[in-house]
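Examination of the molecular architecture
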Amino acid sequence: FPLMTNDANNSLKQSESVDWHTLLISISVILLLSALLFLFPERGNKGIEIAFQFLTQRLGWLYIGFGIVTILFLIGLALSPYRNIQLGPRGEPPRYSGLTWAGMLFSTGIGTALLYWGTIEWIDYYLTPPFDIEPKSTEAHQWAMSYGMFHWGLIGWGFYALSAVCFSHAYYVRKESSPSLANACAPILKTAVYRWPGRLVNAIFMIGLIGSASTGLGLTTPLITESFKTFFGLEPSFGFTIGSIVLIITLIALSVSFGLDRGIKRLSNCNLILMFAILGVVYFSGPTLAITKQGFESITFMVRQFPAMSGIYYPGENGAFTESWTIFYWAWWIAFGPFVGMFISKISGGRTLGQLIWGVLGYGTLGCMLCFIIFGGYASILEHQQGVEIIKTFNENRHAAVVLVMTSLPLGQWILPLFFLLCISFAATTYDSASYTLALAATRSIRQNQDPARWHRVLWAITLGILPLSILSIGGQSQVLVGLQTISVVVSVPMLMISILMTASFIKSLTERK
């Protein structure tokens, strides 16, 4: 792929290139849902709670089974002769170096939510542990320090890798006109790709992406607001939250307007530098040996308990915990999967299927594990060994607990500007990638060296900010968290069905190719 420096040559500006049916249907549904939540917050909150309980209890087994099958399928595919399938012309070098590619896929796949959950997720499990373990016990702490790494590990990244494999094979090997979800399902949909079934598939994907992106943005914004408020001594308000979302969306729109190389690539490289800088500060200025020891113990425990954590005993054992957390996470990964997969496919030209699978699973899992080991481990040591009241702060304000962990470092509040920049940079990278992908999905045809039209990318960047504002207006932190969890679960249901269809199309294409 040539470097995209001339927007006039690389952007699709013609209005006829846009799939207007898909675009208008997707935006209309999001505007309607956002308006209902904003105008009727109490009814919306009640409906959200009912939907979450119904979906997790009735469909939980489907998510658990799909997760297990996905990771086994990917490992089998990566060890088979199919691993050597080239994405693009044979002998073509990868478009991006290994480090840049890893940074782009990692930044797109997780965002600022990792900084939030990586620091405090263990507290939820410590206070309400799985398998009816006594809360706040030594055993509860052992499970708590390991479960987060599991939720952000192999199976989660496996959902991303599966989508990336399907999109990449359709785009680079079958030479579909664009890496859209409908085109990825072409071996089964056939000519229906260009009629209403194909448009429906793409619209469901776009609505699902906006819904799942709202979950991450809804968690990200209060964390950015809290760190900014603490450093400058400001008072919190809903207006301040709106201002934060507007700031993020503005940065997203600016970044996505520059395209892949000049915007997203540079932000991803910035993310890696900032993240390793903060990880290094926490690790080396904190209790290094204690963090290392606790990290190795957590990894060992997770490996031993991997089958149990995967849900092989569900629903007979650990039902409530699995429904509240594991199924929520699998729904979130599945809802995000096609988006991240489509984006990864766009940046993976020149690689093989095997390199793609092992890269996504390896880079993604290791990066998340580092954050949980260092951020979460440091938070736990502060609570249990240094007398810092992390859990008490957590019960009052979750985001304030994350900020307290960071300001407990020798640098004090002066770590917050760096942390604030990382949060903003991660958020901008994830959601400008989402905006880019939404524009890509609503474009009928696009060549490998082209971007969707600039106005189209910016439109989706603005749209991404609407639903989070509606969710954040429904109540307190616990209500918002349930609301965000439910949005992920609801939008993941059709995405799960489409993911199965896309995988079946990929397998059909492989067998026909053979």
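Here's a quick rundown of the structure.

Here's the deal with the overall build of the chain
Of the regular secondary structure elements, the chain holds 22 helices and two strands. Here the chain, with 514 residues, has 61% of them falling under the buried criterion. In the chain, the proportion of contacts linking residues at least 24 apart, taken out of those at least 6 apart, comes to 84%. In the form shown here, the chain has an accessible surface area of approximately 19,100 Å², with 65% of it arising from carbon and sulfur atoms.

Re the side chain of Gln86
Following the sequence through the fold, Gln86 ends up in the loop between helix H3 (41–79) and helix H4 (98–110). Dropping the residues within four chain positions of it, Gln86 is found in contact with Gly91, Glu92, Val173, Gly350, Arg351 and Thr352.

Brief notes about the packing of aromatic side chains
Within the structure shown, the criterion is met by 36 aromatic pairs. Centroid distance Phe73 to Phe506: 6.5 Å. Interplanar angle 90°. Geometry classified as edge-to-face. Taken together, the positions of Phe73 in helix H3 and Phe506 in helix H22 (residues 477–513) put the pair 433 residues apart, joining distant regions of the chain. You can call Phe73 partly exposed: its relative accessible area is 25%. Plain terms: the ring middles of Phe231 and Phe232 are 5.0 Å apart, the flat faces sit at 90° to each other, and that makes the pair edge-to-face. The partly exposed category is assigned to Phe231, whose relative accessible area is 24%. Seen from the ring of Trp101, Arg351 lies directly overhead, with NZ or CZ sitting 4.3 Å from the centre.

Looking at the state of the cysteines
By the definition in use, this model includes zero disulfides. Take Cys368: it sits in no disulfide, and the sulfur closest to it among the cysteines is that of Cys371, at 6.6 Å.

A short note on a nonpolar patch on the surface
On the surface, a nonpolar cluster with roughly 300 Å² of combined accessible area is contributed by Ile75, Leu79 and Trp358. Of note, Leu79 is situated in helix H3.

Re the pattern of salt bridges
Oppositely charged side chains can pair when the atoms bearing their charge come close. Summed over the entire model, instances satisfying the criterion amount to six salt bridges. Note that Arg398 is salt-bridged to Asp124, the shortest N-O span being 2.9 Å. Remark: Asp124 occurs in helix H5 (residues 113–127) and Arg398 occurs in helix H18 (residues 398–407); sequence separation between them is 274 residues. Relative accessible area serves as the criterion here: at 14%, Arg398 is assigned to the buried category. On the accessibility criterion, Asp124 (10% relative accessible area) is buried. Of the charged contacts, one joins Glu297 and Lys293 as a salt bridge, the two residues approaching to 2.6 Å between their closest N and O atoms. Of this pair, Glu297 and Lys293 both sit in helix H13 (residues 288–304), separated by four residues, roughly a single helical turn.

Quick word on the packing of helix H7 (residues 154–173) against helix H16 (residues 353–385)
The contact between H7 and H16 brings their axes to 9 Å, and the two run at 150°. Taken together, the axes of H7 and H16 lie roughly antiparallel to each other. Once H7 is placed against H16, the crossing between them reads as right-handed. The residues of H16 that touch H7, namely those facing Leu154, Trp157, Gly158, Tyr160, Ala161, Ala164, Val165 and Ser168, are Leu353, Leu356, Ile357, Val360, Leu361, Gly364, Thr365 and Cys368. A per-class count over the contact of H7 with H16 returns twelve nonpolar, four polar and no charged.

A word on the environment of Lys265
By the secondary structure assignment, Lys265 is in helix H12 (residues 259–285). The spacing of Lys265 and Trp101 is 164 residues in sequence and 8.6 Å in space, taken between C-alpha atoms.

About the thresholds
- Residues numbered from 1 in each chain as written.
- Predicted model: local features only at pLDDT ≥ 70, side-chain atom pairs only at ≥ 80, totals over all residues.
- Heavy atoms only, no water.
- Helix = DSSP H or I, 4+ residues; strand = E, 2+ residues; numbered from the N terminus.
- Buried < 20%, exposed > 50% of the residue type's maximum accessible area, 1.4 Å probe, protein only.
- Contact = heavy atoms within 4.5 Å.
- Areas by Shrake-Rupley, 256 points an atom, 1.4 Å probe, with all protein chains shown as cover.
- Phe/Tyr/Trp six-rings, centres within 6.5 Å; stacked < 30°, edge-to-face > 60°.
- Lys NZ or Arg CZ within 6 Å of the ring centre and 35° of its normal.
- Disulfide = S-S within 2.5 Å.
- Patch = residues over 30% accessible without salt bridge, like charges linked within 9 Å, V, L, I, M, F, W, Y side chains within 5 Å.
- Salt bridge = Lys/Arg side-chain N within 4 Å of Asp/Glu carboxyl O.
- Axes fitted to C-alpha atoms, helices over the stretch in contact; angles between N-to-C directions.
- Parallel < 35°, antiparallel > 145°, perpendicular 65-115°, else oblique.
- Left-handed = near helix turned anticlockwise from the far one by under 90°.
- Nonpolar A, V, L, I, M, F, W, Y, C, P; charged D, E, K, R; others polar.

This is a description of form; function is not addressed.
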